[in-house]
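Fold and geometry: a report
The residues making up each chain are set out below.
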Amino acid sequence: MNIEGVPISQFVAVKFSLFKIQKIVETWRVEPKSIIEKLVEHFREMGIFTVYYGHDEIVVNNMVFLLKNSPEIQHLVHRANSDELQRQRTRHAE
């Protein structure tokens, strides 16, 4: 039990490996680092810089919500998928 707060960047990086989060991002062709940075940026904009004991489940649930609904993250995923399709077409055409 960690009573002291954990910095949001460290918290997001550690919790990114949870099954329910990996289930969402497993098919995405986006670097995990980019997604983690977007999540951390969002939490900092909300004024969340530290996660304290007892709040971890709330923040994890918010992470899941953001992964499913954030326009910025969805744009990253869509762009990565488009880039991959373009690379496949280019390779196939050669």
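Below, the structure is looked at part by part. Since the structure is predicted, the reported quantities are computational estimates derived from the model, not experimental observations.

1. Observations regarding the overall build of the chain
- Across its full length, the chain carries five helices and two strands.
- Along the chain, from the amino end to the carboxyl end, the secondary structure elements read β-α-α-α-β-α-α.
- Rg of the C-alpha trace for the chain: 16 Å, well past the compact-globule value of 12 Å for 94 residues, more than 25% over.
- Principal axes of the C-alpha set define a box for the chain whose edges measure 60 × 25 × 20 Å.
- Buried positions account for 30% of the 94 residues belonging to the chain.
- Sequence separation of 24 or more characterises 77% of the internal contacts of the chain that already satisfy a separation of 6 or more.
- As presented, the chain carries roughly 6600 Å² of accessible surface, and 54% of it is formed by carbon and sulfur atoms.
- Averaging the positions of the 12 positive and the 12 negative side-chain charges in the chain gives two centres separated by 5 Å.

2. Let's talk about helix α3 (residues 32–45)
- Under the 1.5 Å per step criterion, the end-to-end length of α3 is 20 Å for 14 residues, consistent within 8% with the ideal 20 Å.
- Taken together, the buried positions of α3 are Ile-35, Ile-36, Leu-39, Val-40 and Phe-43. All buried residues of α3 fall inside an arc of 135° around its axis, so they share one side. Structural note: α3 exposes Lys-33 and Glu-45 on the side pointing more than 90 degrees away from its buried face.
- Directly after α3, the chain includes Gly-47, whose backbone phi takes a positive value near 90°.

Here is what the cut-offs are and how they apply
- Residues numbered from 1 in each chain as written.
- Predicted model: local features only at pLDDT ≥ 70, side-chain atom pairs only at ≥ 80, totals over all residues.
- Heavy atoms only, no water.
- Helix = DSSP H or I, 4+ residues; strand = E, 2+ residues; numbered from the N terminus.
- Rg over C-alpha atoms; globule rule 2.2 N^0.38 Å.
- Buried < 20%, exposed > 50% of the residue type's maximum accessible area, 1.4 Å probe, protein only.
- Contact = heavy atoms within 4.5 Å.
- Areas by Shrake-Rupley, 256 points an atom, 1.4 Å probe, with all protein chains shown as cover.
- Lys, Arg positive; Asp, Glu negative; His and termini not counted.
- Charge placed at Lys NZ, Arg CZ, Asp CG, Glu CD.
- Expected span 1.5 Å × (residues − 1).
- Arc of directions from axis to C-beta.

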